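What follows is each chain in one-letter form.
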Amino acid sequence: MTLSERMYLPAIAQGLGITLKHFFKKKATINYPEETRQRSDVWRGLHVLKRDENGAERCTACGLCAVACPAEAITMTAGERKKGEEHLYREEKYAVTYEINMLRCIFCGLCEEACPKAAIFLQDDKLAPARYERDEFIYGKDRLVEPLKTTETK
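Predicted, not measured: the structure shown is a model, and the values here were computed from it.

Engineer: I keep staring at the overall build of the chain and nothing clicks. Help me out?
Structural biologist: When helices and strands are counted, the chain shows 5 helices and 5 strands. Written out in order from the N terminus, the α and β elements of the chain read α-α-β-α-β-β-α-β-β-α. Its C-alpha atoms give the chain a radius of gyration of 25 Å, clearly above 15 Å, the size a compact globule of 154 residues would have. Taking the principal axes of its C-alpha atoms as reference, the chain extends roughly 95 × 45 × 30 Å.

Set out below in structure tokens:
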């Protein structure tokens, strides 16, 4: 080995060259709240339980979404509709509780494909927000059911 090789001068020069090359490259980071990255066409975001055109919940608690979920993130309890609740639920059977554990969910979309009533949908415009407690990641019907559309009458 030559004197310069023993002092690691070629290796140091090569390392400095790589560092300078990366220093002048376009940065991969963005200013997130102000800027957002363009998402893929097949990107899947937060879940929502849809309502029909009359405002009734579409979910009939058949359980196919829970069976299709490879992460076993969906749990539900079925119940029967009572008299006077016809405007709230489409069928006689409905989901009393419907929960998705977002820590287990892998956002694969198989629950959406398995649902025969098109009740569960993965939104393409919403990200899962950051939380501090584990129990805040278990989304119940209070967070999942889409809000009623209010129509203003004139």
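From this point on, the discussion continues.
Engineer: In this structure, what is going on with the UniProt feature "binding site: [4Fe-4S] cluster 2" (unreviewed entry) in the chain? I would like to understand it.
Structural biologist: On the UniProt side, "binding site: [4Fe-4S] cluster 2" (unreviewed entry) is annotated at positions that read Cys69, Cys105, Cys108 and Cys111 here. Taken together, the annotated residues stretch across 43 residues yet fold into one region, lying no more than 10.4 Å apart by C-alpha. Note that Cys108 resides in the loop between β3 (93-101) and α4 (110-114). Since its relative accessible area comes to 25%, Cys108 is described here as partly exposed. Once residues lying within four places of it in the same chain are set aside, the contact partners of Cys108 are Arg44 and Pro70. By the element assignment, Cys111 lies in helix α4. Ignoring anything within four residues of it in the chain, the contact list for Cys111 reads His47, Cys65, Ile74, Ile120 and Leu122.

Engineer: Please clarify how the packing of aromatic side chains should be interpreted in this entry.
Structural biologist: Scanning the entire structure with this criterion turns up 2 aromatic pairs. For the pair Phe23 and Phe24, a centre-to-centre distance of 5.1 Å together with 85° between the ring planes defines the contact as edge-to-face. By relative accessible area, which is 66% here, Phe24 ends up exposed. Plain terms: the ring middles of Tyr89 and Tyr94 are 3.8 Å apart, the flat faces sit at 15° to each other, and that makes the pair stacked. Arg39 extends its terminal NZ or CZ atom over the ring of Trp43, reaching a point 4.5 Å from the ring centre.

Engineer: Teacher, can you tell me more about the pattern of salt bridges here?
Structural biologist: Pairs may arise between side chains of opposite charge once their charged atoms sit close together. For the structure on display, the rule yields 3 salt bridges. One salt bridge in this structure joins Glu146 and Lys50, with 3.2 Å as the shortest N-O distance. Separated by 96 residues along the polypeptide, Glu146 in the segment after α5 (141-144) and Lys50 in the loop between β1 (47-49) and α3 (64-68) bring together distant segments of the chain. The class for Glu146 is buried, based on a relative accessible area of 13%.

Engineer: Just checking my understanding: could you explain the UniProt feature "binding site: [4Fe-4S] cluster 1" (unreviewed entry) in the chain for this structure?
Structural biologist: UniProt annotation of "binding site: [4Fe-4S] cluster 1" (unreviewed entry) refers to Cys59, Cys62, Cys65 and Cys115 when read in the numbering used here. With the annotated positions falling across 57 residues, the maximum pairwise C-alpha distance of 10.2 Å places them together in a single cluster. Note that Cys62 resides in the loop between β1 and α3. Taking relative accessible area as the criterion, Cys62 reaches 41% and is therefore assigned partly exposed. In contact with Cys62, other than residues within four places in its own chain, are Lys93 and Pro116. With relative accessibility at 7%, the residue Cys65 sits in the buried group. In contact with Cys65, other than residues within four places in its own chain, are Ile74, Met76, Tyr98, Cys111 and Ala114.

Engineer: Even after reading the chapter, I still don't get a nonpolar patch on the surface, so can you show me in this structure?
Structural biologist: Side chains of Leu3, Met7, Tyr8, Leu9, Ile12 and Leu16 sit close together on the surface and give an oily, nonpolar patch of about 650 Å² of accessible area. It is helix α2 (residues 9-23) that contributes the most residues to the nonpolar patch, 3 residues altogether. Mapped onto the secondary structure, Ile12 falls in helix α2.

Parameters and conventions
- Along every chain, residues carry numbers that run from 1 in the direction the sequence is written.
- This being a predicted model, a pLDDT of at least 70 is required before a residue's local features are given, and a value of 80 or more before pairs of side-chain atoms are given or counted; all residues contribute to the totals for chains, interfaces and linings.
- Here the side-chain values reflect all heavy atoms present in the structure, with hydrogen atoms and water set aside.
- Strands here are runs of E lasting at least two residues and helices are runs of H or I lasting at least four, both read from the DSSP assignment and numbered beginning at the N terminus.
- This radius of gyration counts C-alpha atoms alone. The globule rule is 2.2 Å times how many residues there are, raised to the power 0.38.
- UniProt positions are given in the numbering used here, feature names are shortened, and annotations may be inferred rather than shown by experiment.
- Any residue under 20% of the maximum accessible area for its type is buried, any over 50% is exposed, and the rest in between are partly exposed; the area is computed with a 1.4 Å probe on protein chains only.
- In this analysis, two residues are considered to be in contact whenever any of their non-hydrogen atoms come within 4.5 Å of each other.
- Aromatic pairs are defined between Phe, Tyr and Trp rings, using the six-membered ring for Trp, whenever the two ring centres lie within 6.5 Å; interplanar angles under 30 degrees are classed as stacked, those over 60 as edge-to-face, and all others as tilted.
- Two conditions define a charge sitting above a ring: the NZ of Lys or the CZ of Arg must be within 6 Å of the ring centre, and it must be within 35 degrees of the ring normal.
- When a carboxyl oxygen of Asp or Glu is within 4 Å of a side-chain nitrogen of Lys or Arg, the pair counts as a salt bridge.
- In this analysis, a patch consists of residues with relative accessible area above 30% that form no salt bridge, clustered at 9 Å for like charges and at 5 Å for the nonpolar side chains Val, Leu, Ile, Met, Phe, Trp and Tyr.
- Each accessible area is a Shrake-Rupley estimate made with a 1.4 Å probe; only the visible protein chains count as cover when residues are assessed.

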